[in-house]
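Next come the chains, spelled out residue by residue.
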Amino acid sequence: MDNQCILVISDLQIPAHHIDALAFLKEIKKQFKPTRVISIGDEVDFNALNFHQIDPDMKSARFELLDSIEYLKGFYKEFPTVEVVESNHGSLAKRRAKAGGLSSVFLKEIGHILEAPETWTWHRLIETKLPSGTVSYTHLRA
């Protein structure tokens, strides 16, 4: 991996994202020309799947997912290769299934659910050796 210039994307919470999120990140990419892109999780919100009180004015899980996939298509085009750290929001479908007694062997992986290209990969831990020699660890808290 080329770690000369890393773009770190955090907490998009799609489809509850900031309206200018993609445009902003495109401009950052244009200006800094990152050699690596890492998303540190919560790329999607999945409000309808959370374990807290669900907002009745938000979309159902199905329509929230469809809106998220549609918006993510722009990210897939602009950022064809991204390493994503597994997160509490991204793992909501699996955690909901587990809470309901369904084994994860019956579930699709999050990249498949989000119709992500194979060059978008999800990880529990990303280790990065920076040009200074410092090693940085980005991970899902257990």
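This text follows the structure it describes.
Residues numbered from 1 in each chain as written. Predicted model: local features only at pLDDT ≥ 70, side-chain atom pairs only at ≥ 80, totals over all residues. Heavy atoms only, no water.

Trainee: What's the story with the sheet that holds strand β4 (residues 120–123) in this structure? I'm lost.
Mentor: Within a beta sheet, neighbouring strands are joined by backbone hydrogen bonds and run either parallel or antiparallel to one another. Ordered in space as β1-β2-β3-β4, the four strands form an open sheet in which the pairing is parallel. The open sheet has two edge strands with one neighbour each: β1 (6–9) and β4. Ignoring which end each strand starts from, the neighbouring axes of this sheet average 25° apart. Sheet topology places β1 next to strand β2 (residues 36–39); four bridges connect them, and they run parallel. The partner of Ile6 across the bridge, within β2, is Arg36. (Pairing = 2+ DSSP bridges. Helix = DSSP H or I, 4+ residues; strand = E, 2+ residues; numbered from the N terminus. Axes fitted to C-alpha atoms, helices over the stretch in contact; angles between N-to-C directions.)

Trainee: Explain the pairing of strand β6 (residues 135–139) here, please?
Mentor: A regular strand places its side chains on the two faces of the sheet in alternate fashion. Here strand β5 (residues 125–129) pairs with β6 via five bridges, running antiparallel. Bridged to Glu127 within β6 is Tyr137. Count of turn residues in the β5/β6 antiparallel hairpin: five residues, of which Gly133 carries a positive phi of about 100°.

Trainee: Can you help me understand the pattern of salt bridges in this one?
Mentor: Side-chain pairs of opposite charge can arise where the charged atoms are in close proximity. This model, assessed by the stated rule, comprises six salt bridges. The residue Glu70 makes a salt bridge to Lys73 at a minimum N-O spacing of 3.3 Å. In this pair, Glu70 and Lys73 are both assigned in helix α2 (residues 61–78), three residues apart and thus about one turn of the helix distant. By relative accessible area, Glu70 is classed as exposed at 51%. (Salt bridge = Lys/Arg side-chain N within 4 Å of Asp/Glu carboxyl O. Buried < 20%, exposed > 50% of the residue type's maximum accessible area, 1.4 Å probe, protein only.)

Trainee: Got a minute to help me understand the packing of aromatic side chains in this structure?
Mentor: Following the criterion strictly, the structure yields four aromatic pairs and no others. Relative to Phe79, the ring of Phe75 has its centre 6.1 Å away and its plane inclined at 25°; by these criteria the two rings are stacked. The class for Phe79 is buried, based on a relative accessible area of 2%. Look at Trp120 and Trp122: their rings are 6.3 Å apart centre to centre, the planes differ by 40°, and that puts the pair in the tilted class. Taken together, the ring pairs connect Tyr71, Phe75 and Phe79 into an aromatic cluster. Sitting above the plane of the Phe63 ring, Arg62 keeps its charged end 5.0 Å from the centroid. We note Arg96 situated over the ring of Phe51; from NZ or CZ to the ring centre the distance is 4.6 Å. (Phe/Tyr/Trp six-rings, centres within 6.5 Å; stacked < 30°, edge-to-face > 60°. Lys NZ or Arg CZ within 6 Å of the ring centre and 35° of its normal.)

Trainee: Hey, could you run me through the environment of Gly101 in this one?
Mentor: Mapped onto the elements of the fold, Gly101 is located in the loop between α3 (92–99) and α4 (110–113). What makes Gly101 exposed here is its relative accessible area of 70%. For the pair Gly101 and Ser39, spaced 62 residues apart in the sequence, the C-alpha separation amounts to 30 Å.

Trainee: How should the environment of Leu72 be read in this particular structure?
Mentor: Within the element layout of this structure, Leu72 appears in helix α2. Sequence separation between Leu72 and Ser91 is 19 residues; the distance between their C-alpha atoms is 17 Å. For Leu72, the residues in contact, after removing those within four places along its chain, are Ile14, Val44 and Leu114. (Contact = heavy atoms within 4.5 Å.)

Trainee: Where do I start with a nonpolar patch on the surface in this structure?
Mentor: Side chains of Leu102, Val105 and Phe106 sit close together on the surface and give an oily, nonpolar patch of about 350 Å² of accessible area. Within the secondary structure, Phe106 sits in the loop between α3 and α4. Judged by its relative accessible area of 63%, Phe106 falls in the exposed class. (Patch = residues over 30% accessible without salt bridge, like charges linked within 9 Å, V, L, I, M, F, W, Y side chains within 5 Å. Areas by Shrake-Rupley, 256 points an atom, 1.4 Å probe, with all protein chains shown as cover.)

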